[in-house]
Amino acid sequence: MEENQAPETEKDLSNKEVINSFKKKNRKSYLKEFFMLFLAVFCGFLAENYRESLSAKKIEKEYILSLIEDLKTDTTNLSGYISFRKEKSVLMDSLALMILSEERSSLGNQIYFLARQVFNDQSFFYSDGTIQQLKNAGNLRLLRKRIVVNELLTYEKKVKVLEEWDENDNRTKSTFREMGGRVFHSAELNATMDSEMRFVMPTTNPQLITADFGVINEIAFQIHYLSKMTKGNSLRAESLKSDAGRLLELIHSEYKLD
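Described in the following lines is the structure provided in the data block. All values reported here derive from a predicted model rather than from experimental measurement.

**Considerations on the packing of aromatic side chains**
Inference 1: Counting across every chain of the model gives six aromatic pairs.
Inference 2: Between Tyr112 and Phe184 the ring centres are 5.4 Å apart and the planes differ by 85°, which places this aromatic pair in the edge-to-face class. One end of the pair, Tyr112, is in helix α2 (residues 108-116); the other, Phe184, is in the loop between α4 (146-180) and α5 (186-190), and 72 residues separate them in sequence. Accessibility classification places Tyr112 together with Phe184 in one group, the buried group.
Inference 3: Here the aromatic rings of Phe119 and Phe176 are separated by 5.4 Å at their centres, their planes lie at 50°, and the arrangement is tilted. Here Phe119 is found in the loop between α2 and α3 (129-136), whereas its partner Phe176 is found in helix α4, with 57 residues between them in sequence.

Here it is as structure tokens:
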């Protein structure tokens, strides 16, 4: 110890102890305040995540319920589509046979009545409102069940295939329409539909305007082709309807819906 340095007194030691104790208390206080602040922020973060999770689950459920309604609508629409096309396929096969028959001159009423119905149609309208919302808003990620998402996208692709075949059907009907003027009397064919757009059976036994078998055979070929395309689309629609049913079952199973 240096000669000029005075020894510490008991009072000095006591003051140092007080100061050190105060510093220790301050450190503890700061640590406690920091911990409490950290805990508050962390709890707030957890609470916000929980709220977001609840919100996402609520939105997901709304989308799922909406998808179920769309699929039910599709199933109903497909049932009508299938029934219509099966009946139309039979109708067109009958028409082609009558046109090719050697007795066609006595079958004018039936031929004209059925020929007018070649243009009759019943489209399948895809209920895609919910899936388009999910895709356009980037919300497919909200559907946690990836198997449901994958099957939903596969189902949509199959709908597009059916729609493409319907377009082919329409193009073939356009060919039939273009040829029709070479075979059918326009006024007589027009008279098979009344002012309320209902089909009317003729009573005057209208005749084809050509006896050229090559032309008659060509239009019969178009009718047969349309018949098979119509039947094929009904089979595709039956497959799609089954897919819609399985997708509904999958959604109910994965999301534990009653």
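**So, the layout of surface pockets**
Inference 1: What the largest pocket holds in volume is close to 150 Å³.
Inference 2: Around the largest pocket sit Ala115, Phe119, Phe176, Arg177, Gly180, Gly181, Phe184, Ser186, Leu189 and Asn190, which together line it.
Inference 3: Counted by class, the lining of the largest pocket contains five nonpolar, four polar and one charged residues.

**Thoughts on empty space enclosed by the protein**
Inference 1: If you walk through the whole model with that rule in mind, you get one cavity of 30 Å³ or more.
Inference 2: What lines the largest cavity is simply Leu67, Asp70, Leu71, Asp74, Tyr126, Ser127, Asp128, Ile131, Leu152 and Tyr155.
Inference 3: Of all the secondary-structure elements, those providing two or more residues to the lining of the largest cavity are α1 (10-100) and α4.
Inference 4: Element by element, the count of residues in the lining of the largest cavity is highest for α1, at four residues.

**Concerning α2**
Inference 1: The buried fraction of α2 is high, at seven of nine residues.
Inference 2: By the burial criterion, the buried members of α2 are Gly108, Asn109, Ile111, Tyr112, Leu114, Ala115 and Arg116.

**Digging into the nonpolar core**
Note that soluble globular proteins tend to have their nonpolar side chains buried in a common cluster.
Inference 1: One finds Phe124, Leu143, Tyr155 and Ile251 to be the most contacted residues of the largest nonpolar core, which totals 29 residues.
Inference 2: Put simply, the parts of the chain that give this core at least two residues each are α1, α3, α4 and α6 (213-254).
Inference 3: Per element, the largest residue contribution to this core is eight residues, and it comes from α1.
Inference 4: Apart from the residues within four sequence positions on either side, Leu143 is in contact with Glu60, Tyr63, Ile64, Leu67, Leu134, Val149 and Tyr255.
Inference 5: Listed in part, the 22 residues of the second largest apolar core include Met92, Met98, Val215 and Ile216.

Thresholds applied
- Residues numbered from 1 in each chain as written.
- Predicted model: local features only at pLDDT ≥ 70, side-chain atom pairs only at ≥ 80, totals over all residues.
- Heavy atoms only, no water.
- Phe/Tyr/Trp six-rings, centres within 6.5 Å; stacked < 30°, edge-to-face > 60°.
- Helix = DSSP H or I, 4+ residues; strand = E, 2+ residues; numbered from the N terminus.
- Buried < 20%, exposed > 50% of the residue type's maximum accessible area, 1.4 Å probe, protein only.
- 1 Å grid on protein atoms, 1.4 Å probe; cavity = no way out; pocket = protein on both sides within 12 Å on 5 of 7 lines; lining within 4 Å.
- Points joined across faces, edges and corners; volume = space filled by probe spheres on them.
- Nonpolar A, V, L, I, M, F, W, Y, C, P; charged D, E, K, R; others polar.
- Core = buried A, V, L, I, M, F, W, Y, C linked by side-chain atoms within 4.5 Å.
- Contact = heavy atoms within 4.5 Å.

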